[in-house]
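Structural characterization, general
Okay, here's what each chain looks like letter by letter:
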Amino acid sequence: MSIHEECGVFGIYDKAGDCARTTYYGLYALQHRGQEACGIAAINDRELSSYKDIGLVGDVFHEKILDELNGTMAVGHVRYATTGAGKRENAQPLTLKYVKGTLAVVHNGNLVNTGALRKYFEYRGAIFQTSTDSEIIAYSIAQERLKCGSVEEAVKNAMPMLKGAFSLIVMSPRKLIAARDPWGFRPLCMGRRGDAVVFASESCALDGVDAEYIREIEPGEIVVVEDGVVRSIRDNCPEDSKGNLCIFEYIYFARPDSEIYGQSVHFARRMAGRLLAQEHPVEADLVIGVPDSGLDAAMGYAEESGIPYGEGFVKNRYIGRTFITPNQQSRENAVRIKLGLLSNNVKGKRVVMIDDSIVRGTTCKAIIKLLRDAGAKEVHMRVSSPRFISPCYFGTDIPDKKDLIACHHTVEEICEMAGADTLGFLSVENLHKIAPDAQCGFCDGCFTEHYAVEIDEGYAGGTGCN
């Protein structure tokens, strides 16, 4: 099993118009963060219109839809479901019509107090249309808007009720508002393109629409764009906190051409490979990476070790992450369909294979079997992250402890089960060295069980690690 991305959000204010088309390109750049569903909402003359559906950005939208949406403001979303089933009604943006007007909300993250909030609002008459925590956020903002004088004040007042990860973009008929949770779990940055103001989950989306990166939205910060004027509200920003950005952004989630908090993702992955080579050296003839996020780490391992780097796999770009794999045999078949092997490159060689993570262990076993069948003399697996010993509760699809192989087996046992000659994971200590230029703190809870937010025992579930 591979780790799934969280979601990607994009928003733009541009008085020149055609914001839906710009959002389309921004979402294309963020497609790696969610391949299940997508949507765009736009404002024209203070009127809200939207379109969303199951599928990839290029399949859901076409010229006529984008022309009709148009807009001097727009927000967009690509989705992978961490809460809420994969249905069209759960796709974003979420749009609301209420007594104060209309709102569109896009959200990346996951709340850990969704159940309590849903019960609280339902006992006060709320009727929810989706099973997502994003609707809880939208409803919280709308309720607060009934008590105060502006949308941004409503966002500010709603934030203390929300526990967990949320990088939000909220659009009203007159304002575009970006906000991050006080812990800063998920990324969100701001850019400019002339007079236009752009928000996006990653800087690669700014590049995709020819916008200049300005800065990250800080943990707890609210940034308001009204008539092209940008202002910041920092009432919810914690003092003396560098935040808790998910460190797996650098290992896996983000595109390698993105920069987050001043740190190149490509550099961080190469650094992970270098550190991995220092921790787990081995005599070998070739270093290869498992596409895509294993490639940069493999380059770093080769540079540090002096072992030649080479291509081992060719990835089939037409197989999505929703490929059905209900049993072990079909999982192995899925690996063969997704990854083509350059047999001549590995035949008769001692191979170091770099991957970003091991979750259940079934995928790495199938990949190593491919190498063995192609005639690899030895296969030494190296993993550019530590062992997963706990779920993520903040928007990453890392499963229950009962499904994490590292919770129930030693490294030696995992190595034997996978069919490798040796196996080495990056240590937690070295994990925090992969992003030396990052001007932020990190969450590493899935590797350490130490979370920035206390997790309610009833919410966590799962079984303990051995």
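The structure under discussion appears in the preceding block.
Here we summarise the structure given alongside this text. (Residues numbered from 1 in each chain as written. Predicted model: local features only at pLDDT ≥ 70, side-chain atom pairs only at ≥ 80, totals over all residues. Heavy atoms only, no water.)

The next point concerns the environment of Met159. Relative to the helices and strands, Met159 resides in the loop between helix H6 (151-158) and strand S7 (164-171). Expressed as a C-alpha distance, the spacing of Met159 and Leu370, which sit 211 residues apart in the sequence, is 49 Å. Setting aside residues no more than four positions away along its own chain, Met159 makes contact with Phe166, Ala179, Arg180, Gly220, Ile222 and Asn236. (Helix = DSSP H or I, 4+ residues; strand = E, 2+ residues; numbered from the N terminus. Contact = heavy atoms within 4.5 Å.)

One pass over the full model with this rule turns up three cavities of 30 Å³ or more. As for the largest cavity, its lining consists of 13 residues, of which Arg186, Cys246, Cys392, Cys443 and Cys446 are closest to the centre. Here the lining of the largest cavity is built from residues that sort into ten nonpolar, two polar and one charged. (1 Å grid on protein atoms, 1.4 Å probe; cavity = no way out; pocket = protein on both sides within 12 Å on 5 of 7 lines; lining within 4 Å. Points joined across faces, edges and corners; volume = space filled by probe spheres on them. Nonpolar A, V, L, I, M, F, W, Y, C, P; charged D, E, K, R; others polar.)

Attention now goes to the packing of aromatic side chains. Counted according to the given criterion, the structure contains 18 aromatic pairs. Here the aromatic rings of Tyr120 and Phe121 are separated by 5.2 Å at their centres, their planes lie at 75°, and the arrangement is edge-to-face. Three or more aromatic residues joined by ring pairs form one cluster here, namely Tyr24, Tyr25, Tyr28, Tyr51 and Phe61. Against the face of Phe128 rests Arg118, its NZ or CZ located 4.7 Å from the ring centre. (Phe/Tyr/Trp six-rings, centres within 6.5 Å; stacked < 30°, edge-to-face > 60°. Lys NZ or Arg CZ within 6 Å of the ring centre and 35° of its normal.)

Taken together, the buried positions of H6 are occupied by Val151, Glu152, Ala154, Val155 and Ala158. For H6, the angular spread of the buried residues around the axis is 160°, confining them to a single face. Contacts made by the buried residues of H6 are with strand S6 (101-111), helix H5 (133-145), S7, strand S8 (175-180), strand S12 (222-226) and strand S13 (229-233). The opening residue of H6, the one whose side-chain oxygen lies 3.2 Å from the backbone nitrogen of Glu153, is Ser150. (Buried < 20%, exposed > 50% of the residue type's maximum accessible area, 1.4 Å probe, protein only. Arc of directions from axis to C-beta. Polar contact = N/O pair within 3.5 Å; in protein donor to acceptor, adjacent residues only side chain to side chain.)

This brings us to the nonpolar core. Grouped together as the largest cluster of nonpolar side chains are 50 residues, with contacts concentrated most on Tyr250, Phe394 and Ile434. Mapped onto this core, the elements with two or more residues apiece are strand S14 (245-246), helix H8 (248-253), helix H9 (265-279), helix H10 (293-305), strand S20 (350-355), strand S23 (442-443) and helix H16 (445-448). Counting residues per element, this core draws most heavily on H9, which supplies six residues. In this view, Phe394 contacts Gly109, Asn110, Val112, Gly164, Ala165, Phe185, Arg186, Tyr451, Val453 and Ile455; residues no more than four positions away in its chain are not counted. (Core = buried A, V, L, I, M, F, W, Y, C linked by side-chain atoms within 4.5 Å.)

Within strand S1 (residues 7-13), seven of the seven residues are buried, which leaves the element mostly enclosed by the surrounding structure. Here seven bridges tie S1 to strand S4 (residues 73-79), and the two strands are oriented antiparallel to one another. For Phe10, the partnering residue across the bridge sits in S4 and is Gly76. (Pairing = 2+ DSSP bridges.)

In spatial order, the strands read S5-S6-S7-S8-S12-S13; together these six strands make up an open sheet with antiparallel pairing. Each end of this open sheet is capped by a strand with a single partner; those strands are strand S5 (94-98) and S13. Ignoring strand direction, the axes of neighbouring strands in this sheet form an average angle of 20°. Docked against the sheet, H6 engages S6, S7, S8, S12 and S13, running at close to 15° with respect to S8. (Axes fitted to C-alpha atoms, helices over the stretch in contact; angles between N-to-C directions.)

When you line up the elements, Asp14 lands in the loop between S1 and helix H1 (19-29). Filtering out sequence-adjacent residues up to four positions away, Asp14 remains in contact with Cys19, Gly71, Thr72, Arg193 and Ala196.

Spatially, S17-S20-S21-S22 is the arrangement adopted by the four strands of the open sheet, whose pairing is parallel. The two strands at the open ends of the sheet, each matched to only one other strand, are strand S17 (286-289) and strand S22 (422-425). Taken pair by pair, the neighbouring strands of this sheet meet at an average axis angle of 20°, ignoring direction. Sheet topology places strand S21 (residues 378-383) next to S22; four bridges connect them, and they run parallel. Looking at S22, one finds that Arg382 is bridged to Gly424. The strands touched by H9 within the sheet are S20, S21 and S22, with S22 carrying the most contacts at an inclination of about 125°. Against the sheet, helix H13 (residues 362-373) engages S17, S20 and S21, with an angle of about 150° to S21.

Okay, the packing of helix H4 (residues 114-122) against H5 next. In helix packing, the relevant descriptors are the interaxial angle and the interaxial distance, both defined with respect to the helix axes. Their axes nearest at 10 Å, the elements H4 and H5 cross at an angle of 50°. Put simply, H4 runs oblique to H5. Between H4 and H5 the crossing geometry is left-handed. Of H5, the residues touching H4 (which contributes Thr114, Leu117, Arg118 and Phe121) are Asp133, Ile136, Tyr139, Ser140 and Gln143. Here the residues of the contact of H4 with H5 sort into four nonpolar, three polar and two charged. (Parallel < 35°, antiparallel > 145°, perpendicular 65-115°, else oblique. Left-handed = near helix turned anticlockwise from the far one by under 90°.)

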